[in-house]
Amino acid sequence: MKSVKILNAAGGSPKVAVAEHPEPAPPKDSEVLVRMLCVGLDGTDREIVTEKYGQPPEGEADLILGHEALGVVERCGDRAGLQPGDLVAVVVRRPCREPRCVNCRNGRSDYCQTGAFTERGIKGAHGFLTEFVKDEERYFVKLPPRARSFGVLTEPQSIVEKVWDEIQRIQQRLIWQPRTALVLGSGPLGMLAAITCRCLGLDVRVWSLSPADGPDARWLEAIGAHYREADSSAGAFADYVGTLPDKPDVIWECTGYSPLAFEAMEALAPNGVLALLGVSPGERRHELDTNRLNMELVLKNKCVVGSVNAARSHFETAVHRLLQMEQRFPGALPRMISERFTLEQVPSIDFERITLKAVVDLIPPDRWDEWIRREDEEIAYSFSV
Ligand code: BGC
Ligand code: ZN
């Protein structure tokens, strides 16, 4: 079957190619075989394609790319409860095999302690830019058919849901009624963080380098966030925060520009939470007034939390939240998907030129309904987040 592979992903300079890969054997027991409909691309894929971030499965040279999947169940093992035609997203991380890793042993490989986990399409396991994917049923999360046009956002939204889950747990330390959120960065993750905070009823500000009349800024304004084009000069961020009516109760750092993470500590309201989601490979040095930051955190009970990946439960919440977003802001989610490519086009994609979110179709969307089973969707998905 046709797949997008990073050739020689372990060494040298990565090369992207469309190549053949053996089809998975028929699913047994609790295994499920899924036909891929489309796969989203993100910054991690860009790094795998341009740098050397990806890692092939043990004993292999190449890595199949892609970790933001939307697919439809093709066949099930006789002990799997999904059915052919079910629309599904796929959990990314797989547990390590270390008996002493309590988190992997308890379904929370997103908190793996050994680092020996694998991630499909990223680290030590093939990804989803291929025609069929087989895995254990527990790694597939069912979506209602009406989520078809935005279901590919389930994986990035699961990252946002994990952060919100963590924030809520941390903030049980006090009586906390957040009113304002500040999102740094207007990439897909920043956009999803912003629309999530809108659904949570927060006043949302977004600070990002994109031009104020650009598509991301316009999308953000349309969902009721206040957008401000960032100025990269020294002190610009502090000046901007100074203009806000209140310091933000929550800050989402989604740029990966690490000095901003430290400036954000100061910008945060007392008792607030700063969540760091941005990845910053390579090295960067920056001088800081550490006494001042220390005082800010201590005297104002501020909390900084780093977060990566997500558990299955966050994928489930993500599905419900996306449905809620679509109800509240009709059309906003499908509009996030700015570019669609075919599998054959992937090797020539210029990641720098993606407008908002790019998706690769394994099957043209106008043909998806040939496979998606429609029924009982209202019954299974009637509770709200
Ligand atoms: C993925 C996560 C993953 C992280 C680090 C992100 O793009 O969404 O699932 O843990 O990259 O590899
Ligand atoms: Zn582990």
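Higher on the page you've got the structure.
Overview of the structure. (Residues numbered from 1 in each chain as written. Chains lettered and ligands numbered in written order. Predicted model: local features only at pLDDT ≥ 70, side-chain atom pairs only at ≥ 80, totals over all residues. Heavy atoms only, no water.)

1. Here's the deal with empty space enclosed by the protein
This is how the line gets drawn: The way it works is a 1 Å grid over only the protein atoms, where trapped points that fit a 1.4 Å probe form a cavity and open points with protein on both sides within 12 Å along at least five of seven lines form a pocket, and then any residue with an atom within 4 Å of a point lines it. Grid points are joined across faces, edges and corners, and a volume is the space filled by probe spheres set on the points. For this classification, Asp, Glu, Lys and Arg are treated as charged, while Ala, Val, Leu, Ile, Met, Phe, Trp, Tyr, Cys and Pro are nonpolar and the rest, including Gly, are polar.
If you walk through the whole model with that rule in mind, you get two cavities of 30 Å³ or more. What the second largest cavity holds in volume is close to 50 Å³. Around the second largest cavity sit T180, A181, L182, D203, R205, L244, P245, D246 and P248, which together line it. Of the residues belonging to the lining of the second largest cavity, the class tally is five nonpolar, one polar and three charged.

2. With respect to the site of ligand 1
For clarity, the cut-off: When at least one non-hydrogen atom of a residue lies within 4 Å of a molecule or strand, that residue is treated as near it. Whenever two N or O atoms come within 3.5 Å, that pair is a polar contact, provided that in protein one can donate a hydrogen and the other can accept it, and provided that, for residues adjacent in sequence, both atoms are side-chain atoms. Using the Shrake-Rupley algorithm and a 1.4 Å probe, accessible areas are obtained, with residue cover drawn only from the displayed protein chains.
Taken together, D42, T44, Y53, H67, V92, R93, E119, I122, E155, I159, V308 and N309 are the residues near ligand 1. In the environment of ligand 1, an oxygen atom lies 2.9 Å from a nitrogen or oxygen atom belonging to the side chain of D42. For ligand 1, an oxygen atom lies 2.7 Å from a polar atom in the side chain of E155. The protein chains hide 89% of the 310 Å² of surface that ligand 1 would expose on its own. By residue class, the composition of the shell around ligand 1 is five nonpolar, three polar and four charged.

3. Side note on the pattern of salt bridges
The condition that has to hold: By definition, a salt bridge exists where a carboxyl oxygen of Asp or Glu is found within 4 Å of a side-chain nitrogen of Lys or Arg. Each helix is a run of H or I in the DSSP string that is no shorter than four residues. Each strand is a run of E no shorter than two, and both are numbered from the N terminus. Each residue gets one of three labels from its accessible area relative to the maximum for its type: buried under 20%, exposed over 50%, partly exposed in between, using a 1.4 Å probe on protein chains only.
Per the counting criterion, the structure on display carries 26 salt bridges. Here E266 makes a salt bridge to R292, at a shortest N to O gap of 2.4 Å. Of this pair, E266 sits in helix 7 (residues 258-267) while R292 sits in helix 8 (residues 290-299); the two residues are 26 residues apart in sequence, bridging distant segments of the chain. Residue class for R292 comes out partly exposed when judged on its relative accessible area of 47%. Counted as one network, the salt bridges with shared partners bring together D86, K142 and R373.

4. Considering the sheet that holds strand 1 (residues 2-7)
Put simply, the rule is: For two strands to be treated as a pair, DSSP must find no fewer than two bridges joining them.
Judged by pairing direction, the sheet is antiparallel, and its three strands sit side by side in the order 2-1-4 without closing on themselves. Unpaired on one side and paired on the other, strand 2 (15-20) and strand 4 (63-64) mark the two borders of the sheet. Sheet topology places strand 1 next to strand 2; six bridges connect them, and they run antiparallel. In the strand pairing of strand 2, I6 is matched with V16.

5. Observations concerning the coordination of the zinc ion (ligand 2)
Octahedral six-donor coordination of a metal ideally yields angles of 90 or 180 degrees, compared with 109.5 degrees for tetrahedral four-donor coordination. Let me state the cut-off plainly: Distances define the donors: N, O and S atoms within 2.8 Å of the metal qualify, as do those within 3.2 Å of Na, K or Ca. Water is excluded, so some sites may look unfinished.
For the zinc ion (ligand 2), the full set of protein donor atoms is C96 (SG), C101 (SG), C104 (SG) and C112 (SG), at a range of 2.3 to 2.4 Å. By relative accessible area, C96 is classed as buried at 2%.

6. Here we look at the layout of surface pockets
In this structure, the second largest pocket spans a volume of roughly 710 Å³. Taken together, 30 residues make up the lining of the second largest pocket; nearest its centre are P57, R97, T118, G124 and A125. Counting only elements with at least two residues in the lining of the second largest pocket, the list comes to strand 8 (118-120), strand 9 (124-125) and strand 10 (132-136). Split by residue class, the lining of the second largest pocket holds 14 nonpolar, seven polar and nine charged.

7. Some remarks on helix 3 (residues 154-170)
Let me state the cut-off plainly: Any helix carries an expected span of 1.5 Å times its number of residues minus one.
When the terminal C-alpha atoms of helix 3 are compared, their 24 Å separation across 17 residues agrees well with the 24 Å that a helix rising 1.5 Å per residue should span. Burial analysis of helix 3 places 14 of its 17 residues in the buried class, the great majority of the element.

8. Focus on the nonpolar core
Test applied: Each nonpolar core is a collection of buried residues, namely Ala, Val, Leu, Ile, Met, Phe, Trp, Tyr and Cys, held together in the definition by side-chain atoms within 4.5 Å. We call two residues in contact when some of their heavy atoms are within 4.5 Å.
In this structure, L129, I195, I223, W252 and L333 are the most contacted members of the largest nonpolar core, which totals 96 residues. Sort the elements by how many residues they give to this core and helix 4 (residues 188-199) lands first, with seven residues. When neighbours within four sequence positions are excluded, L333 is seen to be in contact with F150, L153, L192, I195, L322, M325 and E326. Formed by 17 residues, the second largest nonpolar core is a distinct cluster that contains L182, A264, A267 and L274.

9. What to know about the packing of helix 3 against helix 9 (residues 312-328)
Keep this limit in mind: Inter-axis angles, ranging from 0 to 180 degrees, are taken between N-to-C directions of lines fitted to C-alpha atoms, where helices are fitted over the stretch in contact. Roughly parallel means an angle under 35 degrees; roughly antiparallel means over 145; roughly perpendicular covers 65 to 115; every other angle is labelled oblique.
The N-to-C vectors of helix 3 and helix 9 enclose an angle of 105°; their axes lie 8 Å apart at closest approach. As far as their axial angle goes, helix 9 and helix 3 are roughly perpendicular. Contact residues: helix 3 offers T154, E155, Q157, S158, E161, K162, W164 and D165, while helix 9 offers H314, F315, T317, A318, V319, R321, L322 and M325. The residue inventory of the contact of helix 3 with helix 9, partitioned by class, reads six nonpolar, five polar and five charged.

10. A few points about a negative patch on the surface
Basically, it comes down to this: Exposure above 30% relative accessible area and the absence of a salt bridge qualify a residue for a patch, where like charges join within 9 Å and nonpolar side chains (Val, Leu, Ile, Met, Phe, Trp, Tyr) within 5 Å. Counting rule for charge: Lys and Arg are taken as positive, Asp and Glu as negative, and neither His nor the chain ends is counted. For charged residues, the charge sits on one atom: NZ in Lys, CZ in Arg, CG in Asp, CD in Glu.
Residues D213, E229, D231 and D239 make up a contiguous surface patch of negative charge. Checked against the element boundaries, D213 lands in the loop between strand 13 (203-208) and helix 5 (215-222). The class for D213 is exposed, based on a relative accessible area of 58%.

11. Concerning the packing of helix 7 against helix 8
Rules: Crossings are sorted by hand: turned counterclockwise from the far helix by less than a right angle, the near helix makes the crossing left-handed, and turned clockwise it makes it right-handed.
Relative orientation of the contacting elements helix 7 and helix 8 amounts to 50°, with a least axis distance of 9 Å. What the angle tells us is that helix 7 and helix 8 run oblique. For the pair helix 7 and helix 8, the crossing hand works out as left-handed. Here F262, M265 and E266 of helix 7 lie close against helix 8, whose contacting residues are R292, L293, E296 and L297. Each residue belonging to the contact of helix 7 with helix 8 can be placed in one class, and the counts come to four nonpolar, no polar and three charged.

12. Some details on unusual backbone geometry
One non-glycine residue, N8, lies in positive phi territory at about 55°. Summarising the element assignment, N8 is placed in the loop between strand 1 and strand 2. Relative accessible area serves as the criterion here: at 41%, N8 is assigned to the partly exposed category. Despite not being glycine, N301 has its phi angle at roughly 50°, a positive value.

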